[in-house]
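Report on the structure
Below, each chain spelled out in residue letters.
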Amino acid sequence: KVKGRTFVFMRDDGRDCSFSVKVPDSRDLALSLPESEPTHYGLGAKGWVTLKPTAKTPLHVLRFLVDESYRAVAPRRIVASLPEPPRLFQ
């Protein structure tokens, strides 16, 4: 959480893991990944996507999405103090 606001939901039940992030700018990218879908409970309509990463999911893509979610939820003054966001493609 950042300032009491959740920016990522994670689940690991021993068989598989998933996480949900708010990605208003990269929603299409997130949904193009295997095993991804709009988050249930009405959150998908608000930009949240649930992903089930596989061994083939690039780690830098996951980091990019979590960073975007943090920036989407955090107060503007906190975001302003952060370094530039990571680039997806170098």
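Structure: above.
What you see is a predicted model; the values in this text were computed from it and never measured.

Across all of its chains, the model carries four salt bridges by this definition. For aspartate 16, the salt bridge is made with arginine 11, and the minimal N-O distance between the two is 3.3 Å. With relative accessibility at 37%, the residue arginine 11 sits in the partly exposed group. Connected via shared salt-bridge partners are Arg11, Asp13, Arg15 and Asp16.

What follows concerns the nonpolar core. Phe19, Val21, Val23, Ala30, Leu33, Val49, Leu51, Val61, Leu62, Phe64, Leu65 and Leu88 together form the largest nonpolar core, which totals 12 residues. In terms of residue count, the dominant contributor to this core is helix 2 (residues 59–73) (four residues). Ignoring anything within four residues of it in the chain, the contact list for leucine 88 reads Leu29, His60, Val61 and Phe64.

A few words now on helix 2. Spanning 15 residues, helix 2 covers 21 Å between terminal C-alpha atoms, matching the ideal 21 Å at 1.5 Å per step. Within helix 2, burial applies to Val61, Leu62, Phe64, Leu65, Glu68, Ser69, Arg71 and Val73. Turning to helix 2, the residues buried within the fold contact strand 2 (17–22), helix 1 (27–32), strand 4 (48–51) and helix 3 (76–80).

Taken in spatial order, the four strands of this open sheet run 1-2-4-3, and their pairing is antiparallel. The open sheet has two edge strands with one neighbour each: strand 1 (8–12) and strand 3 (36–38). On average, each strand axis in the sheet is tilted by 15° relative to the strand beside it, whichever way the strands run. As judged from the five bridges shared by strand 1 and strand 2, these two strands associate in the antiparallel manner. Its bridge partner being in strand 2, valine 8 is matched across the sheet by valine 21. Of the strands in this sheet, strand 2 and strand 4 are in contact with helix 2, which crosses strand 2 at around 45°.

Here we come to the pairing of strand 2. What sits between the antiparallel neighbours strand 1 and strand 2 is a turn of four residues, in which glycine 14 has the positive phi angle 95°. Bridge analysis of strand 2 against strand 4 gives four bridges, and the strand direction is antiparallel. The partner of valine 21 across the bridge, within strand 4, is valine 49.

About the cut-offs
Residues numbered from 1 in each chain as written. Predicted model: local features only at pLDDT ≥ 70, side-chain atom pairs only at ≥ 80, totals over all residues. Heavy atoms only, no water. Salt bridge = Lys/Arg side-chain N within 4 Å of Asp/Glu carboxyl O. Buried < 20%, exposed > 50% of the residue type's maximum accessible area, 1.4 Å probe, protein only. Core = buried A, V, L, I, M, F, W, Y, C linked by side-chain atoms within 4.5 Å. Helix = DSSP H or I, 4+ residues; strand = E, 2+ residues; numbered from the N terminus. Contact = heavy atoms within 4.5 Å. Expected span 1.5 Å × (residues − 1). Pairing = 2+ DSSP bridges. Axes fitted to C-alpha atoms, helices over the stretch in contact; angles between N-to-C directions.

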